[in-house]
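Results of the structural survey
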Amino acid sequence: MKNTEYLIILCELYRIFAQNLILIDMKPVQVCNDIYVINVNDRRKQLFENMWPLPFGVAYNCYIIDDEKTALLDTVELGSTNNFMKHVDDILKGRQLDYLIVNHMEPDHSGEILNIIAKYPNVKIAGNKQTFKILETYFSHTENLMEVTDGYELNLGKHNLKFVTTPMVHWPESMMAYDTENHVLFSQDAFGAFGTLDGKIFDDEANFCEDEMRRYYSNIVGKYSAMVQKAFAKLQGFQIKVICPLHGIIWRENPAKVMELYDKWSRYESETGVLILFASMYGNTEQIADHVARKIVENGVKNVCVYDVSKTHVSYLMSDAWKYKVIVLGSCSYNGEMHPMMEMFCREIEHYGLKNHTVALFGTGSWSGGGLRNLQKFAENTGWEQIAEPIEIKGIPDNEKFAKFDVFAKSISDYCKK
Ligand code: FEO
């Protein structure tokens, strides 16, 4: 038995196993002309990529163009619905599927590829060199491949797809397909968001949640912001009327809005505001964080938020770090280091390479310290400018110690009001 056949059987077994885990998906919806979306709302998955909490779920979208030639653009996560093949059948109404266009190979979009191949054995798989490497790695599939390169055009009849390679937005093989006749951009992960659609497929039907889009951007795509900017450069001059991402709503009323947001975030452009993060074991560091927050607000700065890094998942902290220009970090000492949960945040920031931010630091300790010392190393590693004289105190804050933080808060406020 060939590896591919073996994997198809495994997929079918998984499908049977997943019968009790079936998620809710809507019937396909027409996007425009002969373009349809198959949307699956995943409200059961707790953690996206087994890391990122999904309090509002996540949606997987894929698209079919039912033209003289038929094309399916990506699939959905395996086991996320047992209706996927039925939806494809319902749109094609007995016609053959001519092309499976693989814009992105991550399993949340490639999960049904083998089932598609099994049902439509003559389907041509369109992808680039990198796509095919990953296709073989995941599914041992090497047949009926149609390689496309940057700018390659595939005519389906009334629809003409032009491919735009967008490496590392989000994987090396990632690419987009632009319908030159209908001005529709199939943007794969780009312009996506967390959250299920709940019947609201299009931007003009939804109350857009920027927070969940920014959390998706900062944690999933943000590390590759430079590549997002390269993708924007390639899309220059394209007339884009509709954006069809693989997650989140479809943008048909105001696609410029989501492009502006992604452009802003990928240029590390932030808003005036202060994100205060603390790690506290006995409440002393927390008291200082609250004191500093109050003083900054008294000094006339409005956008101030305070989080306990031990309580709030780092994905939310990353999202607000992307949003606000000024980040205040306060950590108690722990075995001569900063608190491990603060260390996790700092490690994430360094890993993601967030730029164009400023920082103010404070630490607490009981004998030899370590919190502030290690926060200082973080500031050096990021190259972020420190906008207030750092402070380290021992023990419980009293009026004399709080007074030092009044000065600390004033420096931060003055910077914000510049
Ligand atoms: Fe939604 Fe990179 O996959």
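Residues numbered from 1 in each chain as written. Predicted model: local features only at pLDDT ≥ 70, side-chain atom pairs only at ≥ 80, totals over all residues. Heavy atoms only, no water.

Before going further, it helps to examine the sheet that holds strand S13 (residues 175-179). An order of S11-S12-S13-S14-S15 is seen for the five strands of this open sheet, with the pairing classed as mixed. Unpaired on one side and paired on the other, strand S11 (153-155) and strand S15 (242-245) mark the two borders of the sheet. Neighbouring strand axes in the sheet, compared pairwise and without regard to direction, differ in orientation by 20° on average. Pairing of strand S14 (residues 184-188) with S15, which is carried by four bridges, proceeds in the parallel orientation. Residue glutamine 188 lies in a different strand from S15, and its bridge partner there is proline 245. (Pairing = 2+ DSSP bridges. Helix = DSSP H or I, 4+ residues; strand = E, 2+ residues; numbered from the N terminus. Axes fitted to C-alpha atoms, helices over the stretch in contact; angles between N-to-C directions.)

Because each turn of an α-helix spans 3.6 residues, side chains separated by three or four positions in sequence point in the same direction. Listed in full, the buried residues belonging to helix H2 (residues 84-92) are Phe84, Met85, His87, Val88, Ile91 and Leu92. Taken down its axis, H2 places every buried residue within 160° of arc, on the same side. (Buried < 20%, exposed > 50% of the residue type's maximum accessible area, 1.4 Å probe, protein only. Arc of directions from axis to C-beta.)

For the protein chain, the domain assignment lists domain 1 (3-266) and domain 2 (271-416). One C-alpha centre belongs to domain 1, the other to domain 2, and the line joining them spans 39 Å. At the interface, 17 residues of domain 1 touch twelve residues of domain 2. Of the roughly 1200 Å² buried where domain 1 meets domain 2, counting both sides, 52% is carbon and sulfur surface. Where domain 1 touches domain 2, the interface holds two salt bridges. Taking the shortest distance from any N to any O, the salt bridge between glutamate 271 and lysine 264 comes out at 3.4 Å. Here domain 1 is connected to domain 2 by ten residue pairs in polar contact (both at pLDDT 80 or more). Looking at the side of domain 1 that touches domain 2, the elements with two or more residues in it are strand S5 (52-53), helix H6 (210-221) and helix H8 (255-266). It is H6 that provides the largest number of residues to the side of domain 1 that touches domain 2, a total of eight residues. Residue composition of the side of domain 1 that touches domain 2, by class: six nonpolar, four polar and seven charged. (Domains from an automatic or database assignment. Contact = heavy atoms within 4.5 Å. Buried area = accessible area lost by both parts, 1.4 Å probe. Salt bridge = Lys/Arg side-chain N within 4 Å of Asp/Glu carboxyl O. Polar contact = N/O pair within 3.5 Å; in protein donor to acceptor, adjacent residues only side chain to side chain. Nonpolar A, V, L, I, M, F, W, Y, C, P; charged D, E, K, R; others polar.)

Moving on to unusual backbone geometry. The backbone phi angle of asparagine 50 is positive, close to 55°, even though this residue is not glycine. When you line up the elements, asparagine 50 lands in the loop between strand S4 (47-48) and S5. A residue is classified by how much of its surface remains accessible, and asparagine 50, at 64% relative accessible area, is exposed. Phi is positive for phenylalanine 191, which is not a glycine, with a value near 65°. Locating phenylalanine 191 in the fold gives a position in the loop between S14 and H6.

Looking now at the nonpolar core. One finds Ile101, Phe186, Leu329, Met342 and Phe345 to be the most contacted residues of the largest nonpolar core, which totals 114 residues. The element best represented in this core is strand S6 (residues 58-66), accounting for seven residues. Split by domain, the residues of this core number at least three in each of domain 1 (3-266) and domain 2 (271-416). Beyond its immediate sequence surroundings of up to four residues, methionine 342 is in contact with Leu277, Phe278, Ala279, Val309, Leu329, Gly330, Ser331 and Leu375. Counting 24 residues, the second largest nonpolar core, distinct from the first, contains Phe278, Phe408, Ile412 and Tyr415. (Core = buried A, V, L, I, M, F, W, Y, C linked by side-chain atoms within 4.5 Å.)

Our focus in this paragraph is the environment of tyrosine 217. With respect to the helices and strands, tyrosine 217 occurs in helix H6. Taking the relative accessible area as the measure of exposure, tyrosine 217 reaches 0% and is therefore buried. Sequence separation of tyrosine 217 and leucine 185 is 32 residues, and the distance between their C-alpha atoms is 18 Å. Each residue touching tyrosine 217, except ones within four places of it in the same chain, is listed here: Gly222, Ser225, Val228, Tyr262, Trp265, Ser266 and Trp322.

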